[in-house]
Amino acid sequence: MEKTILNKTIIYKYLISLFLLLFFTNSLFAGNNFVKSEISKGELNLYFTSDIERVTYFTLPDADGITKYIYDVHGGVLPPNKGISKHSFKNIESFRMGQNSPTKLRIIIRSKQKFSENHVYNGKCLTIPLVHDGKKSTKATKIVKGSRKAYTVVIDAGHGGKDNGASCCEVKKEKKVTLSISLKLKNILENKGFKVFMTRSDDTFVPLPSRTEFANKKKADIFISIHANAAPKESLYDVFEGIEIYYLSPAKTQRAKEAAIKENAVMFEGKDKYSTNEYLSLLSREKITESHKLGLDVSKMMLSNVRNSFGKVSDGGVKTANFWVLVGAQMPAILVETGYITHPKEGDNLMDFYYKNVLAKGIAEGIERYLKNK
Ligand SMILES: [Zn+2]
């Protein structure tokens, strides 16, 4: 009896070490191998053996007015004798690819002309649009083809000018974060074929009622107000985090009420006297339902995009609140709190170029999803 137990233990130990060995060998050396590249319809497509987990992007100035557009495929591996095929494309000076680190494959495109930064990766393929002069990428035309008209979206970058919105740690200002995400969102939506207007595209102050009035004038199909949240006090900086989406309807939760008070603050400096309650009593059930649906789709796509690229993000849900900025909108309207600027990790993320890109991509996909199911 004792002998069998001993033998079993040895076998188990052996099996465990074999498993660990296989596991580590696998995680250390199994990279995502580059397979091939091709240019089709103005887009450079790069194929890999497995799903791409993350791509980061930045630019560097080069000599003679050339800019280097650099894409790092995390986990990407360049097998020997492989590289981007010899491509020539309009104003692209050169394509290059190399192993930047054991776990990072770098693609460098040199061009004199600015081209779109809206690379997308879906499964095993990374697509870089080599598009100039505001031409739409083919990915965009594909989406627009099916619909009869281009949808109009008004993006409202929260706060601006004298109104900083939430701020933290001196450098982190909500008005900057909201503008930066909004500009990225505009770019992505335009590439998908949407007509996009911004309530502000620089650091200017826009009174809250003018924002929805503007959307009504533009006959927008969707109004989307971009914000970043802040914890009510410093002792809660570590506690409050995550993405929250609001639509107009009487506020139910305390957290929703607090968020509304903060976002509405700028209203009470001025002379506007009428109350949101008067407006709320006129809101149709249908508009509430549509905004709620839009909120759910945007929330879903934001969370999945951030989780795909960054692993963890807290889901603050889709809630109702009395936000002044949504009052008066004649179309489905939501307010997106993209994260807590006061949270140590999330606040840093909101300063990060790539994180903001992923947020914007998620919002854009949420809008598409809503319109497709309408
Ligand atoms: Zn705000």
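A quick note: this is a predicted structure, and the numbers were derived from the prediction, not measured. (Residues numbered from 1 in each chain as written. Predicted model: local features only at pLDDT ≥ 70, side-chain atom pairs only at ≥ 80, totals over all residues.)

Enquirer: Just checking my understanding: could you explain the overall build of the protein for this structure?
Expert: Scanning the protein from N- to C-terminus turns up 9 helices and 17 strands. Relative to its 374 residues, the protein shows a buried fraction of 39%. (Helix = DSSP H or I, 4+ residues; strand = E, 2+ residues; numbered from the N terminus. Buried ≥ 20, exposed ≤ 12 C-beta atoms within 10 Å, placed from the backbone.)

Enquirer: Explain the pairing of strand β14 (residues 222-229) here, please?
Expert: Two faces belong to every sheet, and in a regular strand the side chains alternate between them. Most of β14 sits out of view: 8 of its 8 residues are buried. Because side chains alternate across β14, one face comprises the buried residues Ile222, Ile224, Ile226 and Ala228, and the other comprises Phe223, Ser225, His227 and Asn229, equally buried. Examined bridge by bridge, strand β10 (residues 152-157) and β14 share 5 bridges and lie parallel to one another. Counted as the bridge partner of Ile155 is Ile224 from β14. Taken together, the 6 bridges between β14 and strand β17 (residues 333-340) define a ladder with parallel strand orientation. Bridged to Ile224 within β17 is Ile334. (Pairing = 2+ DSSP bridges.)

Enquirer: So what exactly am I meant to see when it comes to helix α3 (residues 174-191) here?
Expert: Side chains three or four residues apart in an α-helix point the same way, a direct result of the helix having 3.6 residues per turn. Relative to the 26 Å expected for 18 residues at 1.5 Å per residue, α3 spans 26 Å between its end C-alpha atoms, a close match to the ideal helical length. Counting buried positions along α3 yields 14 of 18 residues, so the element is predominantly enclosed. (Expected span 1.5 Å × (residues − 1).)

Enquirer: Is there a simple way to explain the nonpolar core in this structure?
Expert: Across soluble globular proteins, you tend to see nonpolar side chains buried next to one another. Grouped together as the largest cluster of nonpolar side chains are 64 residues, with contacts concentrated most on Val153, Ile334 and Ile363. A total of 8 residues in this core trace back to one element, the largest contributor, which is helix α9 (residues 353-373). Setting aside chain neighbours within four positions, we find Val153 in contact with Leu189, Phe194, Val196, Ala220, Asp221, Ile222, Ile224 and Ile367. (Core = buried A, V, L, I, M, F, W, Y, C linked by C-beta atoms within 7 Å. Contact = placed C-beta atoms within 7 Å.)

Enquirer: Can you walk me through the confidence of the model for the protein in this structure?
Expert: Reading fine detail from the predicted coordinates is not recommended where pLDDT is low. This prediction gives the protein a mean pLDDT of 82; 79% of its residues lie at or above 70. This stretch, residues 24-29, has a pLDDT under 50; its non-local contacts, to residues over four places away or in other chains, come to 0 contacts. Low pLDDT, under 50, characterises residues 269-274; the predicted model gives this stretch 3 contacts beyond four residues in sequence or across chains. (pLDDT = per-residue confidence, 0-100.)

Enquirer: Help me out: how do you make sense of the packing of α3 against α9 in this one?
Expert: Geometry of a packed helix pair, given as the angle between the helix axes and the separation of the axes. Running from amino to carboxyl end, α3 crosses α9 at an angle of 50°, the nearest separation of the two axes being 8 Å. One finds that α3 runs oblique with respect to α9. Here α3 runs over α9; the crossing is right-handed. Packed against α3, whose contacting residues are Ser180, Ile181, Lys184, Leu185, Ile188 and Leu189, the element α9 presents Lys356, Asn357, Leu359, Ala360, Lys361, Ile363 and Ala364 at the interface. Among the residues making up the contact of α3 with α9, the classes are represented as 8 nonpolar, 2 polar and 3 charged. (Axes fitted to C-alpha atoms, helices over the stretch in contact; angles between N-to-C directions. Parallel < 35°, antiparallel > 145°, perpendicular 65-115°, else oblique. Left-handed = near helix turned anticlockwise from the far one by under 90°. Nonpolar A, V, L, I, M, F, W, Y, C, P; charged D, E, K, R; others polar.)

Enquirer: Is there a simple way to think about the sheet that holds strand β3 (residues 54-61) in this case?
Expert: In a beta sheet, neighbouring strands pair by backbone hydrogen bonds and run either parallel or antiparallel. Spatial strand order, β3-β4-β7-β6: 4 strands in an open sheet with antiparallel pairing. Only two strands of the sheet have a single partner each, and these edge strands are β3 and β6 (92-101). Neighbouring strand axes in the sheet, compared pairwise and without regard to direction, differ in orientation by 20° on average.

Enquirer: Sorry, what's going on with unusual backbone geometry here?
Expert: Apart from glycine, the bulk of residues carry a negative phi angle, and the bulk of peptide bonds sit in the trans form. Unusually for a residue other than glycine, His159 sits at a positive phi of about 65°. Relative to the assigned elements, His159 resides in the loop between β10 and β11 (167-168). Take His159: there are 30 C-beta atoms within 10 Å of it, and that puts it in the buried class. The phi dihedral of Lys219 falls on the positive side, at around 50°, and the residue is not glycine. By the element assignment, Lys219 lies in the loop between α4 (208-217) and β14. The exposed category is assigned to Lys219, around which 11 C-beta atoms lie within 10 Å.

Enquirer: Sorry if this is basic, but what is going on with the sheet that holds strand β5 (residues 76-77) here?
Expert: With mixed pairing, 5 strands are arranged side by side in an open sheet as β5-β1-β2-β9-β8. Because the sheet does not close on itself, it has two edges, and the strands there are β5 and β8 (120-122). Relative to strand β9 (residues 125-129), strand β2 (residues 43-48) runs antiparallel, the two sharing 5 bridges. For Tyr47, the partnering residue across the bridge sits in β9 and is Cys125.

Enquirer: How should I be thinking about the environment of Leu44 in this particular structure?
Expert: Inspection of the secondary structure puts Leu44 in strand β2. Judged by the 22 C-beta atoms lying within 10 Å of it, Leu44 falls in the buried class. For the pair formed by Leu44 and Leu130, sequence separation is 86 residues and the distance between their alpha carbons is 6.8 Å. Not counting the four nearest positions on each side in its chain, Leu44 is found in contact with Ser37, Ile39, Ile128 and Leu130.

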